[in-house]
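Chain and residue survey
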Amino acid sequence: MPTAPDRLLWIDNAAVDSVRSARFETRNPATDEVLARVAEADAEDVHRAVESARAAAPAWAGLTGVQRGRILARGATAVRDHRDELAMLECLDGGKPIAETPEADVDSAADCLEYFAGQAGSLQGDYQSVDGGFFYTRPEPLGVCAGIGAWNYPLQIAAWKAAPALAAGNTLVFKPAELTPLSALRLAEILADAGLPPGVFNVVQGAADTGRALTRHPGVAKVSLTGEVGTGRAVMADAAESLKAVTMELGGKSPLIVFDDADLDNAVSGALLGNFYTQGEICTNGTRVYVHEGILEPFLERLLARTRRLTVGDPRDPDTDVGALISPAHRDQVLAFIRQGEQEGAQRLIGGEAVTVPGCEAGAFVSPAVFRVDDPDCVLARQEIFGPVMSVLSFREESRVIEAANDSPYGLAAGVFTRDLQRGHRVAAALAAGVVWVNHYNLTPIEMPFGGIRQSGLGRENSRHALSHYTQLKSVFVAAGDVDAPY
Ligand code: NDP
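Residues numbered from 1 in each chain as written. Predicted model: local features only at pLDDT ≥ 70, side-chain atom pairs only at ≥ 80, totals over all residues. Heavy atoms only, no water.

1. Points about the nonpolar core
Basically, it comes down to this: Here, nonpolar core means buried Ala, Val, Leu, Ile, Met, Phe, Trp, Tyr and Cys residues that are tied together by side-chain atoms lying within 4.5 Å of each other. To sort residues, take the accessible area from a 1.4 Å probe on protein chains only and compare it with the maximum for the residue type: under 20% means buried, over 50% means exposed, and anything in between is partly exposed. Only heavy atoms matter for contacts: two residues are in contact if any of them lie within 4.5 Å across the pair.
Phe-201, Val-258, Phe-299 and Leu-303 are the most contacted members of the largest nonpolar core, which has 89 residues in total. With near-sequence residues (within four places) excluded, Leu-303 lies in contact with Val-268, Ala-271, Leu-272, Val-370, Met-390 and Val-392. Judged by nonpolar contacts, the second largest core, of 30 residues, contains Phe-337, Ala-369, Val-373 and Cys-378.

2. Remarks on the site of the ligand
Stated formally: The near set for a molecule or strand comprises every residue that places at least one heavy atom within 4 Å of it. Between N or O atoms, a polar contact is any pair within 3.5 Å; within protein, one atom must be a potential hydrogen donor and the other a potential acceptor, and residues adjacent in sequence are included only when both atoms are from side chains. Here the open area of atoms and residues is found with the Shrake-Rupley method and a 1.4 Å probe, where only the protein chains shown may cover a residue. A cavity here means a set of 1 Å grid points, computed over protein atoms only, where a 1.4 Å probe fits but cannot escape. A pocket is an open set with protein on both sides within 12 Å along at least 5 of 7 lines, and lining residues have an atom within 4 Å of a point. If over half the atoms of a molecule are within 2 Å of the grid points of a cavity or pocket, the molecule is regarded as sitting in it. Each helix corresponds to a stretch of at least 4 residues labelled H or I by DSSP, and each strand to a stretch of at least 2 residues labelled E; elements are numbered beginning at the N terminus. Residues are grouped as follows: Ala, Val, Leu, Ile, Met, Phe, Trp, Tyr, Cys and Pro are nonpolar; Asp, Glu, Lys and Arg are charged; all remaining types, including Gly, are polar.
Of all residues adjacent to the ligand, which total 30 residues, the nearest are Gly-149, Glu-178, Thr-231, Leu-250 and Glu-384. The side chain of Glu-384 places a nitrogen or oxygen atom 2.5 Å from an oxygen atom of the ligand. Notes on the ligand: free accessible area 910 Å², of which the protein chains cover 89%. Assessed atom by atom at 2 Å from the grid points, the ligand resides in the largest pocket. Where the shell around the ligand is concerned, the elements lending two or more residues are helix H7 (208–216), strand E11 (222–226) and helix H8 (229–241). In terms of residues, the shell around the ligand owes the most to one element, H7, which gives 4 residues. For the shell around the ligand, the residue count by class is 15 nonpolar, 9 polar and 6 charged.

3. Observations regarding the pairing of strand E14 (residues 288–292)
Residues in a regular strand project their side chains so that they alternate between the two faces of the sheet. What counts, and what does not: By convention a crossover is right-handed if, when the strands point away from the viewer, the path from the first strand over the helix to the second runs clockwise. Following DSSP output, two strands are said to pair if at least two bridges run between them.
For E14, the buried fraction is high: 5 of the 5 residues fall into the buried class. Burial of E14 is two-sided: the residues Arg-288, Tyr-290 and His-292 facing one way and the residues Val-289 and Val-291 facing the other way are all buried. At this point the chain moves from strand E13 (residues 255–258), through helix H9 (residues 264–276), to the parallel E14, and the crossover so formed is right-handed. Of the strand pairs in this sheet, E14 and strand E19 (residues 389–395) are connected by 5 bridges, and their pairing is parallel. Residue pairing across strands places Arg-288 opposite Ser-391, the latter belonging to E19.

4. Considering the side chain of Glu-189
Looking at the element boundaries, Glu-189 is found in helix H6 (residues 182–193). When near neighbours in sequence (up to four residues on either side) are disregarded, Glu-189 contacts Arg-7 and Trp-10.

5. So, the packing of helix H3 (residues 83–94) against H6
The cut-off we apply is this: In this analysis, axes come from line fits to C-alpha atoms, helices being fitted only over the stretch in contact, and the angle between any two N-to-C directions falls in the range 0 to 180 degrees. Here is the rule for angles: anything less than 35 degrees is roughly parallel, anything more than 145 is roughly antiparallel, 65 through 115 is roughly perpendicular, and the remaining ranges are oblique. Left-handed describes a crossing whose near helix is turned anticlockwise from the far helix through less than a right angle; right-handed describes the clockwise counterpart.
Running from N to C, H3 and H6 cross one another at 160°; their axes reach a closest spacing of 9 Å. One element, H3, and the other, H6, form an angle in the roughly antiparallel class. Seen from above, H3 lies across H6 with right-handed handedness. Each of Glu-85, Leu-86, Leu-89, Glu-90 and Asp-93 in H3 lies in contact with H6, whose residues at this interface are Leu-182, Ser-183, Arg-186 and Ile-190. Residues of the contact of H3 with H6, tallied by class, amount to 4 nonpolar, 1 polar and 4 charged.

6. Thoughts on empty space enclosed by the protein
Which parts of space are left empty comes out when a probe the size of a water molecule is rolled across the atoms. Selection criterion: Grid points are joined across faces, edges and corners, and a volume is the space filled by probe spheres set on the points.
Under the defined criterion, the tally for this structure stands at 2 cavities of 30 Å³ or more. Counted as a void, the largest cavity has a volume near 70 Å³. Gly-252, Lys-253, Gly-280, Ile-282, Cys-283, Asn-285, Thr-287, Glu-384, Ile-385, Phe-386 and Gly-387 are the residues that line the largest cavity.

7. Quick look at the sheet that holds strand E21 (residues 435–438)
Taken together, 7 strands build an open sheet; the order of strands is E15-E18-E19-E14-E13-E20-E21 and the sheet is mixed. The open sheet has two edge strands, strand E15 (347–350) and E21, and neither has a second partner. In this sheet, neighbouring strand axes are inclined to one another by 25° on average, regardless of whether the strands run parallel or antiparallel.

8. A look at the pattern of salt bridges
Applicable threshold: Salt-bridge detection follows one rule: a side-chain nitrogen of Lys or Arg within 4 Å of a carboxyl oxygen of Asp or Glu.
Under the counting rule described, the total for this entry stands at 33 salt bridges. For Arg-423, the salt bridge goes to Asp-260, with nearest N and O atoms at 4.0 Å. Residue Arg-423 is located in helix H14 (residues 421–430), and its partner Asp-260 is located in the loop between E13 and H9; the two are separated by 163 residues in the primary sequence. Since its relative accessible area comes to 14%, Arg-423 is described here as buried. For Asp-260, a relative accessible area of 41% corresponds to the partly exposed category. For Asp-374, the salt bridge goes to Arg-372, with nearest N and O atoms at 3.1 Å. According to the relative accessible area criterion, Asp-374 is exposed, its value standing at 64%. Here Arg-372 falls in the buried class, since its relative accessible area comes to 14%.

Below, the structure written as structure tokens:
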């Protein structure tokens, strides 16, 4: 059997080994095959990467926004040129269906680079005449930023953090999740080939210790994390030591409300997309589906019929709808939540079982599950499961369902399906969430701000608002006349 290749760190536009040549393995979660032996960065390696980013910062910040944008635009084109390769890498490293990854992972990363390439040229400050003169503001980069990613959308997350940071004139050190290290590294190589100068985008590899070394590094001005709430707390606490700015994209348990006037097929489509895409490993998923009691029966009938048709299979097969969960440990945790949910009274309507896929016997597959849940305190209605597990609850009154939807420590996303225009907007306004979809679910166009409230996060990614999280304003006051000193 051929041995798995080594994949190294990316510092100063070169693949470099870690100082201690330590390695960890990354595996295909569908087959357990070792895909690569990856160099593990310790604090010394992280320091090297930060130093490289620090050295590159003045020249990168010294370019005009349009010049930076031109390079990012070339990067976007290069990512599209590598669409098939990157899509397969995400499929192999993350267990995600190849039916999804070209669009959901690669195109979304390219869209992001393209969008912020355009935004880079429009960064501008304000001017105002005031008593004694005038002032203007300069949106200046923060310096060296750190990005730390989760394993569910590794390439997209790397792009979502790198593109706005770089557009605003910062340099970045990115750490992908240990479980999915390959695509961010490939992105770095592709961006370097497209003309990104050395040190502007560096990649360090490793687990929590590597992330911690990055967050605690005094040379890092800002940390942007995508991960669990508990990790968010730890990263914020570490960042607080040196008062680093933070952006936090954390977990959720989002509600999706279906009123009795909704287009039923669209609502079922939304529920399916918002629960089973990427095996349910999506932070914004609408895993608490509140259905008006008047349409509960037909809704469930159509939902179950369509769930039954989903194919759990080899992620490399274009006909696969539901791929492998990220690891056997994660599968076991998902199944444990299901067991607990049943003990707490949830009624299993379909799925929720470990599946053996021919040719992928070692993979961590779980069939898409739908549960009827009456008790809002049931674990299935409370806990972020991060797997293909949907809870359907029923409601009668709008005010009560809003109350129930908002009864969560999270506030990442929400959805509402109704044909009543006024109700759609009224409910969207009342829901405690950073993103609300009306008559759709889980679309995240790069132009739209993305992020959570409450324990789901701080700050926003995407849209021009992301740039404000990667810049600091300098106010410059210019006197119009003499200094009138009383001394
Ligand atoms: P984790 O919180 O476990 O990990 C996120 C990243 O943080 C990983 O790179 C991890 O390293 C690193 N990390 C862990 N501990 C520390 C630490 N103390 N200091 C610095 N870095 C650390 O999340 P998962 O990877 O398991 O991803 C799933 C979670 O991410 C879910 O809760 C999901 O909701 C959330 N998520 C949120 C999104 C959003 O935009 N709101 C989008 C996608 C996911 P390693 O894993 O290598 O050990």
